[in-house]
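Tertiary structure, described
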Amino acid sequence: MGSLGEQPQVAEDCMGLLQLLSDGTVVRSKSIDLITQQIPLANHKSNVLFKDSIYHKQNNLHLRLYKPASASNRSATALLPVVVFFHGGGFCFGSRTWPHFHNFCLTLASSLHALVVSPDYRLAPEHRLPAAFEDAEAALTWLRDQAVSGEGDHWFEGGPGVDFDRVYVLGDSSGGNIAHHLAFRFGSGSTELSPVRVRGYVLLGPFFGGVERTKSEDGPSEALLSLDLLDKFWRLSLPEGATRDHPMANPFGPTSPALESASIQPMLVIAGGSELLRDRAKEYAYKLKKMEGKKVDYIEFENEEHGFFSSNPSSDATKQLFRIIGNFTDNLNF
């Protein structure tokens, strides 16, 4: 035991933006807000409206709603599908307010002509997993409450209204891991959420892990991501003492529940060809695809890195991504 005057040491340091001290104190730098504020907002102000709403009072959790301002060239009476988007950040960073996530949701609402719901969730290490999973479940429960309550948010009413029978879940990075959790938590038909029906899930560069390294993890670092940083995220977000084979990190780990018998909605897994996480995403998709009764597709964007769609929102690859997501959701409308 150290002396009374001994200062706590830095146990984990994430780019100087987040530090976990030896006494359990968490220090978050305000400079990350300055960094994210430098990202320009997308120019969708004229055709997409957005506003914030609280969905979990006890944990003071908010979400952001996005809605097309007009029916565009579609029927003014057509109901809007709902897209629930969970942001990334290694379970340790991120918010609905960060400009690159905000821009992504503006484009989602505009390109898919949908009402987009973008929830915040509790972050690690202050709130380790399964906190983020619990909050994601609460967000879908909140959506169900909007469908059954006569006192729901007025944005779900009026013209155009919302079709709670056509709900899609998208997750980016750690949000992709959350989408995986929700897909197996609520299963095929999502009857527990009725009248909300989740039709499908899109996992964008999902953040999975494992003790044994994959070939892509042993490859070169990305511009904004390294294996060291990924490992730190797991040490900070998993229950203390857990390894990367914990079921919340590795869906196919030695102690992970068998997934063969679970019935799930269709799933689309997307990764960049130059991602450190590519092999994990690909293995996840192909293992599920081999299981009877599971409709899972995998698409890889050659030479693209993790989060390419938010770091380069006007690229041809990003435009193609939105077309692919739109085709996936349109094909599930039956």
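Residues numbered from 1 in each chain as written. Predicted model: local features only at pLDDT ≥ 70, side-chain atom pairs only at ≥ 80, totals over all residues. Heavy atoms only, no water.

Before going further, it helps to spend a moment on the overall build of the chain. Within the chain, the regular secondary structure consists of eight helices and 11 strands. Relative to the globule expectation of 20 Å for 334 residues, the C-alpha radius of gyration of the chain, 20 Å, shows essentially globular dimensions. Seen along its three principal axes, the alpha-carbon backbone of the chain occupies a region of about 70 × 45 × 40 Å. Residues counted as buried form 55% of the 334 residues belonging to the chain. Pairs at least 24 residues apart make up 74% of the contacts formed inside the chain by residues separated by at least 6 positions. Of the accessible surface of the chain, which amounts to about 15200 Å², a share of 49% is contributed by carbon and sulfur atoms. Treating the 31 positive side-chain charges of the chain as one cloud and the 39 negative ones as another, the clouds have centres 4 Å apart. (Helix = DSSP H or I, 4+ residues; strand = E, 2+ residues; numbered from the N terminus. Rg over C-alpha atoms; globule rule 2.2 N^0.38 Å. Buried < 20%, exposed > 50% of the residue type's maximum accessible area, 1.4 Å probe, protein only. Contact = heavy atoms within 4.5 Å. Areas by Shrake-Rupley, 256 points an atom, 1.4 Å probe, with all protein chains shown as cover. Lys, Arg positive; Asp, Glu negative; His and termini not counted. Charge placed at Lys NZ, Arg CZ, Asp CG, Glu CD.)

Next up on the list: the domain arrangement of the chain. Many analyses report the size of an interface as the accessible area lost when the parts associate. The domains assigned to the chain are domain 1 (8-38) and domain 2 (44-332). The straight-line distance from the C-alpha centre of domain 1 to that of domain 2 is 25 Å. At the interface, 12 residues of domain 1 touch 14 residues of domain 2. Approximately 1100 Å² of surface area, both sides summed, lies buried where domain 1 meets domain 2, with 70% of it carried by carbon and sulfur atoms. Between the two partners, domain 1 and domain 2, sit two salt bridges. Among the elements of the structure, β1 (10-14), β2 (18-21), β3 (26-28) and α1 (31-37) are those that each provide at least two residues to the side of domain 1 that touches domain 2. Of the residues contributing to the side of domain 1 that touches domain 2, the split by class is seven nonpolar, two polar and three charged. (Domains from an automatic or database assignment. Buried area = accessible area lost by both parts, 1.4 Å probe. Salt bridge = Lys/Arg side-chain N within 4 Å of Asp/Glu carboxyl O. Nonpolar A, V, L, I, M, F, W, Y, C, P; charged D, E, K, R; others polar.)

Attention now goes to unusual backbone geometry. For the peptide bond that leads from A124 to P125, omega is 5°, which places it in the cis range. Its location among the elements puts P125 in the loop between β7 (115-119) and α3 (131-148). Cis peptide bonds are those with omega within 30 degrees of zero, and the linkage from S194 to P195 qualifies with 10°. Tracing the backbone shows P195 in the loop between α4 (174-186) and β9 (198-204). In this structure, N60 takes a positive phi of about 55° despite not being glycine. If you trace the backbone, N60 turns up in the loop between β4 (48-56) and β5 (61-68). Owing to a relative accessible area of 51%, N60 belongs among the exposed residues under this scheme. For S190, which is not glycine, the phi dihedral falls at a positive 40°. Position of S190 relative to the elements: it lies in the loop between α4 and β9.

Helix-helix packing: each pair is described by the crossing angle between the helix axes and the interaxial distance. Closest axis-to-axis distance for the helix α2 (residues 99-112)/helix α8 (residues 316-330) pair is 10 Å, and the angle between their directions is 50°. The orientation of α2 relative to α8 falls into the category oblique. By crossing handedness, the relation of α2 to α8 is classed as right-handed. Taking contact as the criterion, the partners of F104, T107, L108, S111 and L112 in α2 are, on α8, L321, F322, I325, G326 and T329. (Axes fitted to C-alpha atoms, helices over the stretch in contact; angles between N-to-C directions. Parallel < 35°, antiparallel > 145°, perpendicular 65-115°, else oblique. Left-handed = near helix turned anticlockwise from the far one by under 90°.)

This paragraph deals with the nonpolar core. Counting residues in hydrophobic clusters, the biggest one holds 103 residues, and the most contacted among them are Y201 and M267. A total of eight residues in this core trace back to one element, the largest contributor, which is α3. Mapping this core onto the domain boundaries places at least three of its residues in each of domain 1 (8-38) and domain 2 (44-332). (Core = buried A, V, L, I, M, F, W, Y, C linked by side-chain atoms within 4.5 Å.)

Turning our eyes to something else, we now look at helix α6 (residues 278-290). Taking 1.5 Å as the rise per residue, α6 with 13 residues should run 18 Å; its terminal C-alpha atoms sit 18 Å apart, in good agreement. Contact partners of the buried residues in α6: α4, β9, β10 (267-272) and β11 (296-301). (Expected span 1.5 Å × (residues − 1).)

Looking now at the packing of aromatic side chains. Taken as a whole and assessed by the stated rule, the structure comprises 17 aromatic pairs. Judged by centre distance (5.9 Å) and plane angle (35°), the rings of F50 and Y66 are tilted. Note that F50 is positioned in strand β4 and Y66 in strand β5, a separation of 16 residues in sequence. Since its relative accessible area comes to 41%, F50 is described here as partly exposed. Against the face of F186 rests R185, its NZ or CZ located 4.6 Å from the ring centre. (Phe/Tyr/Trp six-rings, centres within 6.5 Å; stacked < 30°, edge-to-face > 60°. Lys NZ or Arg CZ within 6 Å of the ring centre and 35° of its normal.)

With that settled, consider the pattern of salt bridges. All chains considered together, the criterion is met by 20 salt bridges. Note that E12 is salt-bridged to R235, the shortest N-O span being 2.6 Å. With a gap of 223 residues between them, E12 in strand β1 and R235 in helix α5 (residues 227-237) connect regions that are remote in the sequence. Under the relative-accessibility criterion, E12 is labelled buried at 13%. By relative accessible area, R235 is classed as partly exposed at 43%. Salt bridges here are not isolated pairs; linked through shared partners, they connect D52, R64, R96 and D120.

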